[in-house]
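# What the coordinates show
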Amino acid sequence: MSELEVRELRYFIAVAEELNFSRAAQRLGMAQPPLSKAIAQMESRLGVRLLERTTRRVRLTNAGQVLLGQARIAVDAVHAAARRARRAGQPTPQLVVAVKPGGDAGLLRDILAAYRRTGSHLPPPEVVVGGSGEPIAMLRDGRADVALLRSPFDGQGLDSQTLVVEPRLAVLPAAHRLAGRGRLRLTDLRGEAIPRWKGAAPSTTAYFTGYDGAEAGDAHGLAPADPPEGPLVASVEQLLEVVALGQAVAFLARSTTERHQRPDIAYRPVTGLSPSAVMVAWPETSRSAAVAAFVQAAHDVATDHPDYMTALA
């Protein structure tokens with residue numbers, strides 16, 4: 001069996017995402033007959049059906065679902081390799097570090113200083129600050145060499161190292177009925193609307209809503225039913241506004257709450273709430289000396305952080 005080509009994978013991804021050959025062909029800028037022929041040839045070479053076609057709909061088979069996930073990874077890897085090669089060939093290459101605001105637990109400046117002390121033979125670091133979901137996207141598509149990320153995230157194709165693990169706090173309107181308490185339980189917040197992050201995967205949504213550690217019948221967990229859906233948010237600032245307006249409650253890492261003190265918001269510790277881990281991540285195929293030096297610098301700086309030992313527990 002000959003290997004699949006990147007072009008064929010792109011064809012399949014379009015069809016699998018659109019579940020319509022006409023729309024997929026339009027998206028790819030090609031006619032429908034050669035697209036249908038290409039998919040049929042893929043199925044013949046693989047010896048499995050990827051799509052179930054009827055006159056009314058197109059549906060992925062189990063094999064098609066697996067190929068879709070792997071095809072996305074493969075196509076992304078090819079694009080990332082090209083980007084990294086172009087960047088490595090620049091007259092003055094740089095180590096691109098991706099991070100989102102508040103995603104470093106206050107470690108980044110010290111990590112950069114430690115990296116620079118490693119030696120002048122390494123490329124200078126360039127920090128790119130992105131919104132929610134952008135740092136890991138930059139890492140995957142080759143725009144970044146290394147990133148500081150908060151768990152949870154999809155680590156497929158990446159290596160990572162935990163730096164610190166810090167508690168998360170409940171974020172309440174200052175006038176909330178529970179704002180006067182010193183400590184809360186997850187059950188205290190049952191029935192409260194919780195913001196949803198745009199584009200979040202189900203596992204990430206469970207984390208942000210506090211349901212990732214909840215077990216049915218667990219006295220420290222929430223009820224198994226989903227909480228009421230709060231407003232969609234795309235940034236911490238937007239989250240704080242909807243909480244301050246009384247539209248929802250939320251959960252944020254302690255270091256993030258320290259950066260966003262405001263009189264209309266109350267932060268309270270919560271028993272039974274999963275923590276937030278800050279991790280340094282890089283492509284598992286990376287052999288870059290600069291990436292290795294940055295990871296070592298991150299590790300060295302994290303050992304002096306008060307939450308470092310928690311990460312090793």
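Residues numbered from 1 in each chain as written. Predicted model: local features only at pLDDT ≥ 70, side-chain atom pairs only at ≥ 80, totals over all residues. Heavy atoms only, no water.

## What to know about the overall build of the chain
- Secondary structure assignment for the chain yields 11 helices and 13 strands.
- The principal-axis extent of the C-alpha atoms belonging to the chain is close to 65 × 55 × 30 Å.
- The buried share of the chain, reckoned over its 313 residues, is 44%.
- For the chain, the proportion of contacts with a sequence separation of at least 24, taken over those separated by at least 6, is 72%.
- A total accessible area of about 16,100 Å² is found for the chain, and carbon and sulfur atoms account for 51% of it.
- Charged side chains of the chain number 36 positive and 32 negative; the gap between the two group centres comes to 5 Å. (Helix = DSSP H or I, 4+ residues; strand = E, 2+ residues; numbered from the N terminus. Buried < 20%, exposed > 50% of the residue type's maximum accessible area, 1.4 Å probe, protein only. Contact = heavy atoms within 4.5 Å. Areas by Shrake-Rupley, 256 points an atom, 1.4 Å probe, with all protein chains shown as cover. Lys, Arg positive; Asp, Glu negative; His and termini not counted. Charge placed at Lys NZ, Arg CZ, Asp CG, Glu CD.)

## Comments concerning helix 5 (residues 108-116)
- Listed in full, the buried residues belonging to helix 5 are Leu108, Ile111, Leu112, Ala114 and Tyr115. The arc enclosing the buried residues of helix 5, seen along the axis, measures out at 165°, which places them on a common side. Projecting away from the buried face of helix 5 at angles above 90 degrees are the exposed residues Arg109 and Arg116.
- Where the residues of helix 5 are buried, they touch strand 3 (95-99), strand 4 (125-129), strand 5 (146-150), strand 6 (158-166) and helix 10 (289-302). (Arc of directions from axis to C-beta.)

## Quick notes on the pattern of salt bridges
- The tally for this structure, following the rule as stated, stands at 18 salt bridges.
- Of the charged contacts, one joins Arg45 and Glu8 as a salt bridge, the two residues approaching to 2.9 Å between their closest N and O atoms. In this pair, Arg45 is assigned in helix 3 (residues 32-46) and Glu8 in helix 1 (residues 6-18), connecting sequence segments 37 residues apart.
- Residue classification places Arg45 among the partly exposed positions, given a relative accessible area of 28%.
- Here Glu8 falls in the buried class, since its relative accessible area comes to 5%.
- Residue Glu43 pairs with Arg49 through a salt bridge whose shortest N-O separation is 3.9 Å. (Salt bridge = Lys/Arg side-chain N within 4 Å of Asp/Glu carboxyl O.)

## Quick notes on the packing of helix 2 (residues 21-28) against helix 3
- Closest axis-to-axis distance for the helix 2/helix 3 pair is 9 Å, and the angle between their directions is 105°. Compared by their axis directions, helix 2 and helix 3 come out roughly perpendicular. Between helix 2, through Phe21, Ser22, Ala24, Ala25 and Leu28, and helix 3, the contact on the second element is made entirely by Gln32, Leu35, Ser36 and Ile39.
- Residues that form the contact of helix 2 with helix 3 fall into these classes: 6 nonpolar, 3 polar and no charged. (Axes fitted to C-alpha atoms, helices over the stretch in contact; angles between N-to-C directions. Parallel < 35°, antiparallel > 145°, perpendicular 65-115°, else oblique. Nonpolar A, V, L, I, M, F, W, Y, C, P; charged D, E, K, R; others polar.)

## Comments concerning the confidence of the model for the chain
- Mean pLDDT over the chain: 88, with 93% of residues reaching 70 or higher.
- For the stretch residues 215-224, pLDDT sits under 50, and the model shows 21 contacts to residues farther than four places along the chain or on other chains. (pLDDT = per-residue confidence, 0-100.)

## Focus on the nonpolar core
- One finds Leu95, Ile111, Tyr115, Leu148, Leu163, Val280 and Phe294 to be the most contacted residues of the largest nonpolar core, which totals 27 residues.
- Where this core is concerned, the elements lending two or more residues are strand 3, helix 5, strand 5, strand 6, strand 13 (276-283) and helix 10.
- Ranked by the residues each element gives to this core, the list is headed by helix 10, at 9 residues.
- One finds Leu9, Ala38, Leu67 and Ala71 within the second-largest nonpolar core, a separate group that totals 22 residues. (Core = buried A, V, L, I, M, F, W, Y, C linked by side-chain atoms within 4.5 Å.)

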